[in-house]
Amino acid sequence: ALGLTQLCEQDLQSIHNWKLNMNETDDNRISDTGIVETRAIAKDFKLRYPTLLDPTKTMIDIGVTTKVRTLQTADAFLQEITSDSKPIVQTSEEDYSESASGETAEILSEITKSEKDLLYFHDTCEDLLLEQGVRLEKPKRVKDLRKSTSMQAIIKRVNERLGFGAGNEIDAKVLRHIVRACYFEFAIFGQNSGWCSLLGNDEIKILEYLDDIEDYYEDAYGRNINSKQTCPLIGDLFAKVKQSVKSSKDTKTYLQFTHAGVMKRLYSGLGLFDVLHDNIDFKSDESVCLNDGRNWKSSLICPFNANFAAVLYKCKDNKKNDDKTHGKYKLLTLVQEKPVVIKGCDSYLCSVDKFIESYQQMSSNCDLKEICKI
């Protein structure tokens, strides 16, 4: 009832009338918003690199995982760069390449199992651990923060806004569903969900920070195994850079479509965004705002359609160039289309010699069966 809540009538009605706008058949598939965003990213990259993303001028190699959403994302990206605007039609992972539209079908049909395994290494590692009877628990820091004073205060305030009393309060698990409904409905449908009205800006900052800490510890720098298991993907980049330098006249573009879990681990393998400032006790809301300058911010570094790019350049001769074997070649690395400096490099335009020196060992010493052993 309105008198028992702290919500305005409009917000209360929005929650009361709320219905799930998704179907079970949408599970693990790309949304319409995702298609639009994918095509916008493809358009941006094609404007910057028109030759590299022109299938008539450059050989384009595609890699996806076994999940249909990465196939759909690849299809949307390829539709944009091939100017093929036919609607995406999909059924299952197995026959998706046959139902894809236009020029994309021919390219997607070339995808091999090895490429799928390459882009889903975290799942492979988890399977290897399960074979040993090991299931990695959530880090203690994450467990503690879920029970922190700030978290309990947020749960209490949400219950008060809903007008819930003793015996029917929501708990941390339900709050998590409310937060996800707010985030995902805004991201997918571009509209504020009624559930968002239960959360203030400061509370959203705290919940975002808690999510960042969970990602940081569970999927990135909190476990050494996370950075080590990226060696198949980083090793693949390493091999492609060396091959491209060796056969510099043969232009080739590699497009790979994977998942958030891979992206976060990849960042840790490349030494990116390793600043969290996790030095607070979460006993007050104010303490959270002191850490807004952290580098590890999942909503920015790993949103929907997160992307990492490496572009090889052949530069003009420079007599002052101190590089050894591959002095003419530089590797530009970008996250969300913005230049970043990866570990082992002193610039976002890294000399290939430095890149090779920095990642030689990781690339040559890569056995997931040994890495994913506890």
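The rules behind the values
Residues numbered from 1 in each chain as written. Predicted model: local features only at pLDDT ≥ 70, side-chain atom pairs only at ≥ 80, totals over all residues. Heavy atoms only, no water. Helix = DSSP H or I, 4+ residues; strand = E, 2+ residues; numbered from the N terminus. Contact = heavy atoms within 4.5 Å. Polar contact = N/O pair within 3.5 Å; in protein donor to acceptor, adjacent residues only side chain to side chain. Salt bridge = Lys/Arg side-chain N within 4 Å of Asp/Glu carboxyl O. Buried < 20%, exposed > 50% of the residue type's maximum accessible area, 1.4 Å probe, protein only.

(A) Local environment of the environment of D219. Position of D219 relative to the elements: it lies in helix α11 (residues 201-219). For D219 and K264, which are 45 residues apart along the polypeptide, the C-alpha to C-alpha distance reads 6.1 Å. With residues up to four places along the chain from it excluded, the contact list for D219 reads E214, N226, K264 and R265. Of note is the side chain of D219, whose polar atom sits 3.1 Å from the side chain of K264. A distance of 3.5 Å separates the side chain of D219 from the side chain of R265, its partner in a polar contact.

(B) Layout of the pattern of salt bridges. Inspection of every chain in the model, using the stated rule, returns 19 salt bridges. Ionic pairing is found between K138 and E214, a salt bridge with its closest N-O pair at 2.8 Å. Pair noted here: K138 is in the loop between α7 (121-131) and α8 (140-146) and E214 is in helix α11, with a separation of 76 residues, a long-range link. Looking at K138, the relative accessible area reads 28%, which means it is partly exposed. Under the relative-accessibility criterion, E214 is labelled buried at 9%. With a shortest N-O distance of 3.5 Å, R265 and D219 are connected by a salt bridge. Here D219 lies in helix α11 and R265 lies in helix α14 (residues 260-269), a separation of 46 residues in the sequence.

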